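Fold and geometry: a report
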Amino acid sequence: MAAEGEIMKRPLAGLLLISAAALARQQDGTLDVIVTPNSGVPVILLPGQSFDVVLTRRADLHLANDGPGPALAVEWYDMPGDRVQARCVMDPDAEPGEYALEAVVDSGVDRNPRAVYIRRAYPDYYLVAHVTDPHIGSARHVRDASDIFRDVIAATNESKAAFALITGDLTQDGTPEQLQEFLRIMDGCTLPTFVCPGNHDRAALNYEQFFGPLAYMFCFGQDGYIAFDTKDYLPADELGAQDADLEVFRRDIKAARWSIGFTHRYEAIMGMRSQIVLFLDNPLDHLIFGHWHRANDDTEEAVPWGTTPITVTPAAVDGMMRLFDVSAQGVKPRPPQRVAALE
Amino acid sequence: MIVAQVRRLKVHVRSLMPATASILTILLLCAEPSGRLAFVAGSELEDQCACIIDVASGEIRRVGVGSFDGTPAWSPDGAALAFETKQDGGMRIHVVREDGSQARTIDHKYKWNRNPQWSPDGTKLAYTASDAMDLAQRIIVHEFATGLETPWGGERVGLLRPVWVPGVKLLYGLRPGQRIGWGDAKITLDGLDWLEVGRVLLAIGLQGEPGALTTDLFMVTQDTALALTELGLPEWVIPSRSKYAEWAVAPSPTGSTIAFESNDGGDREIFVITNKGTADITNHRAADWNPRWSPDGDWLAFESFRGGRRGIYRVYPNTARVLPIAAAPDSDNWWPSWSPNGKWIAFVSNRTGNPEVFVTDASGENLRQLTNNTWNDYAPSWRPKGKS
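Numbers given to residues run from 1 along each chain, matching the order in which its sequence is written. Written order determines the labels here, with chains lettered from A and ligands numbered from 1. Since the coordinates come from a predicted model, pLDDT governs what is reported: local features require at least 70, and pairs of side-chain atoms require 80 or more to be given and counted, while whole-chain, interface and lining totals use all residues.

Details of the overall build of chain A
- If you tally the helices and strands in chain A, you get six helices and 21 strands.
- We take the radius of gyration over the C-alpha atoms and set the globule estimate at 2.2 Å times the residue count to the 0.38 power. A globule of 343 residues ought to have a C-alpha radius of gyration of about 20 Å, and chain A, at 20 Å, matches this closely.
- Counting only C-alpha atoms, chain A reaches 65 × 45 × 40 Å along its principal axes.
- Counting other C-beta atoms within 10 Å of a residue's C-beta gives its exposure: the residue is buried at 20 or more, exposed at 12 or fewer, and partly exposed in between, where C-beta atoms are placed from the backbone. In chain A, which comprises 343 residues, the share counted as buried stands at 53%.
- Sequence-distant contacts in chain A: of pairs separated by 6 or more residues, those separated by 24 or more amount to 71%. Here a strand is any run of E in DSSP of at least two residues, a helix any run of H or I of at least four, and the numbering for each starts at the N terminus. Any pair of residues counts as being in contact when their C-beta atoms, constructed from backbone geometry, are within 7 Å of one another.

Concerning the pairing of strand E13 (residues 193-196) of chain A
All names here are of chain A.
- Going residue by residue along E13, you find Thr193 and Val195 tucked away on one face and Phe194 and Cys196 tucked away on the opposite face as well.
- Strand direction decides the pairing type here: strand E12 (residues 163-167) and E13, joined by four bridges, are parallel. Residue pairing for E13: threonine 167 is matched across the bridge by cysteine 196.
- With helix H2 (residues 176-186) bridging E12 and its parallel neighbour E13, the resulting β-α-β unit is right-handed. Pairing between two strands is assigned when DSSP locates at least 2 bridges connecting them. Throughout, right-handed denotes a crossover for which the path from the first strand over the helix to the second runs clockwise when the strands point away from the viewer.

Let's talk about the nonpolar core
- Counting 194 residues, the largest nonpolar core has Val152(A), Phe39(B), Leu201(B) and Phe218(B) as its most contacted members.
- Ignoring anything within four residues of it in the chain, the contact list for Val152(A) reads Val131(A), Pro134(A), Ala316(A), Gly319(A), Met321(A), Val339(A) and Ala340(A). One nonpolar core equals one set of buried Ala, Val, Leu, Ile, Met, Phe, Trp, Tyr and Cys residues connected by C-beta atoms within 7 Å.

What about the packing of helix H5 (residues 242-252) of chain A against helix H6 (residues 272-281) of chain A?
All names here are of chain A.
- All axes are obtained by fitting lines to C-alpha atoms, using only the stretch in contact for helices, and the reported angles, taken between N-to-C directions, cover 0 to 180 degrees. It is the contact of H5 with H6, at a shortest axis distance of 9 Å, that shows an interaxial angle of 5°. Classed by the angle they form, the pair H5 and H6 counts as roughly parallel. Together, Gln242, Asp243, Leu246, Glu247 and Arg250 of H5 and Arg273, Ser274, Val277 and Leu278 of H6 make up the contact between the two elements.
- Across the contact of H5 with H6, the residue classes break down as three nonpolar, two polar and four charged. Roughly parallel here means an angle under 35 degrees, roughly antiparallel means over 145, roughly perpendicular means 65 to 115, and every remaining angle is called oblique. The nonpolar class holds Ala, Val, Leu, Ile, Met, Phe, Trp, Tyr, Cys and Pro. Asp, Glu, Lys and Arg form the charged class, and all remaining residues, Gly among them, are polar.

Some details on the sheet that holds strand E2 (residues 49-54) of chain B
Residues and elements named next belong to chain B.
- Pairing in this open sheet of four strands is antiparallel, and the strands run E3-E2-E1-E30 from one edge to the other. The open sheet is flanked by strand E3 (60-62) and strand E30 (376-382), the only strands paired with a single partner. Geometrically, the sheet is characterised by an average inter-axis angle of 30° between neighbouring strands, direction not taken into account.
- Note that E2 and E3 share three bridges and pair antiparallel. Within E3, the residue paired with cysteine 51 across the bridge is arginine 62.

Considerations on the sheet that holds strand E8 (residues 84-90) of chain A
Residue and element names in this part refer to chain A.
- Across the sheet, which stays open at both edges, the four strands sit in the order E3-E5-E8-E7 with antiparallel pairing between neighbours. Two strands lie at the open edges of the sheet, namely strand E3 (34-36) and strand E7 (72-78), each paired on one side alone. Recorded for the sheet is a direction-independent mean angle of 35° between the axes of neighbouring strands.
- Note: strand E5 (residues 50-55) against E8, six bridges, orientation antiparallel. Across the sheet, serine 50 pairs through a bridge with valine 89, a residue of E8.

Topic: unusual backbone geometry
Residue and element names in this part refer to chain A.
- Each neighbour pair has its own omega, and for threonine 36 with proline 37 the value is 0°, a cis peptide bond.
- Note on placement: proline 37 falls in the loop between E3 and strand E4 (43-45).
- Even without a glycine there, the phi angle at histidine 291 is positive, about 75°.
- With respect to the helices and strands, histidine 291 occurs in the loop between strand E17 (286-289) and strand E18 (310-312).

Here we look at H2(A)
- For H2(A), the set of buried residues is Gln178(A), Leu179(A), Glu181(A), Phe182(A), Leu183(A), Ile185(A) and Met186(A).
- In this structure, the buried side of H2(A) is in contact with helix H1 (145-157), E13 and helix H3 (206-211) of chain A.

Some words on the interface of chain B and chain A
- Between chain B and chain A, the residue contacts involve 37 residues of the former and 25 residues of the latter.
- The set of elements that each furnish at least two residues to the side of chain B that touches chain A consists of strand E24 (309-316) and E30 of chain B.
- When residues of the side of chain B that touches chain A are assigned to their parent elements, the largest contribution, three residues, is made by E30(B).
- Its residues placed into classes, the side of chain B that touches chain A shows 17 nonpolar, ten polar and ten charged.

Let's talk about the domain arrangement of chain A
Residue and element names in this part refer to chain A.
- Here the limits of each domain have been adopted from an automatic or database domain assignment. We note that the domain assignment places domain 1 (7-118) and domain 2 (126-338) within chain A.
- The centre of domain 1, based on its C-alpha atoms, is set 26 Å off from the matching centre of domain 2.
- Every contact between the two is made by 15 residues of domain 1 and, on the other side, 19 residues of domain 2.
- Listing elements by their share of the side of domain 1 that touches domain 2, those giving two or more residues are E3 and strand E10 (108-118).
- A total of three residues in the side of domain 1 that touches domain 2 trace back to one element, the largest contributor, which is E10.
- Across the side of domain 1 that touches domain 2, the residue classes break down as seven nonpolar, six polar and two charged.

Concerning the pairing of E10(A)
- Counting buried positions over the eleven residues of E10(A) gives nine, a clear majority of the element.
- Hairpin remark: strand E9 (residues 97-105) of chain A followed by E10(A), antiparallel, with two residues in the connecting loop.

Concerning the confidence of the model for chain B
Residues and elements named next belong to chain B.
- On average, chain B scores 86 in pLDDT, and the residues at 70 or more come to 83%.
- Counting contacts from residues 1-11, a segment whose pLDDT is below 50, to residues more than four positions away or on other chains yields nine contacts.
- Every residue is assigned a pLDDT by the predictor, reflecting its confidence on a scale from 0 to 100. Low confidence marks residues 176-193, where pLDDT is under 50. Its contacts with residues over four positions away, or in another chain, come to 22 contacts.

Structural data, given as structure tokens:
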């Protein structure tokens, strides 16, 4: 986990100064001691609020940006398998900003940049940026997919959105090299970025090694967001654990002003249990996804099961992105924007 | 620990008189789960393979194709196993003997074929089929004697998850001696030539139009599919459920009761239909899923979130008494499968990290971890016959 020649000093137990190597994740970009939060599954919170950290082992946890960050009060919990959980309570006087989460262990420091964002308050009205299908590594256009994605991220940075959702097909083939490249470009984003996997990203377990969970939830002020995986949902229907996660997530955000699902792909015959949970028992207020490489039209306004409207955004690899206005009036998609040239 | 004690006792009884020892050995064997379980295992879906585990020894044998294998279902006599597997860009139904021999794949008309269910006499398989990954799902019945596939439900599409009705007593009992509408013809419900075991399926059917689509319980024969709500039965027998979504229909082993889940009541609950009417038997503010009958038909195992995460419970339908079987605040437990003698329940749990198969007795005691590997192990299904 150590980067050669990169030495930092961190306080340990308030008494010792140790020399340790620091790096964002492992050298190959995969997650190390800290599983979540990370730059694809960050946390956004206010001073005094708490957040959960999932790690492979106990560690001394710190926030940092250019210097030491706000203090964390940590309680530890065991998790099934080889994971532990830290419930971290943020200092009530914490300065708003973007922070890296650091885990100090005997062998060094694991550092997840862009993992924690502290805000002063949550607005009633905000923008969400939706980016999907960057397909890093593909050769669909004259211009390199990485260069196109850099322009899309630059446009996202200028959008004044509160955060960005990047809904899968991050890469063309899901290789570690392509995921590393995606990570390098995404880390140029000045907004919190929430990712989920697409069908192109699921080679072996590479996606999980770079970003951890395939399904998760987060709250932004009064609104709840659920990320979920729809790769191979037909043969996977009801076998695994995701259905239960979705039921728990949906219950946890039941009181939200708006409940918004985001995934890579939606088909009407995707896992039936997932659809019962998300569209029949407690219908989401909005579903956002990509995969189609085009926007949805007037005949594709909602899931067939009920009232949940859908919004499909054209692919980033085609130079496109979309903004959503989120307010007391609802979740309103703006038209897709072309923000990157293809040649 | 209890297993170790039983093993020590087994050694001890060998020193007793032969007849006494034999009786004690039999009794002690009954205290341990045995027999065989089918399940699917893989590091991911692409290499997921149907397997059979000997419960007593833990020996695992791969009998599947190893390509998205799923939903293993034993024939009623336990001699064969059917499961779905990914081939030729779709899903096909694969059948293999219990010892792994005589593997064959059914010749399908449709590309996507899922959720095989054996007829009570073991001569047919019913499954859901479609040409595309859309809602135009049909029920297909494959007859082994002829090798032919026949569409059931007449022209009805939008039918999912068929299950065979093992007895037609309830169907007669719902409205004894009276005629009901059945397709174009007026068919007497107590006409044995029509409603007999092996000729009736229950299934989930789509109802309504896109934008307001929901699900309902259907009776399906080769020629017709009819929603139970369309039987014209009194409200107290089958309430109008058009605004609710039903799922996971499960007839009891004798067919005298039908269990299913519905979001009637504000969240998902397990209901039963008997000749006395329809009742919510798991009433709780947390979701209750997937009812599975015990072999004697006395209990229903089901999944519930009443403990926070998904756990396994059982309910006695006559009194709606609910007892926990396997539940934990920090892990999920799901997919219960009863042993043939009803004493044991196999299930999946991620309490040790990745999903593994466990066995417990029906009261939730004597927990055993059956599989312990780096794969994800799913969908245990207890072989109907054999020691258990």
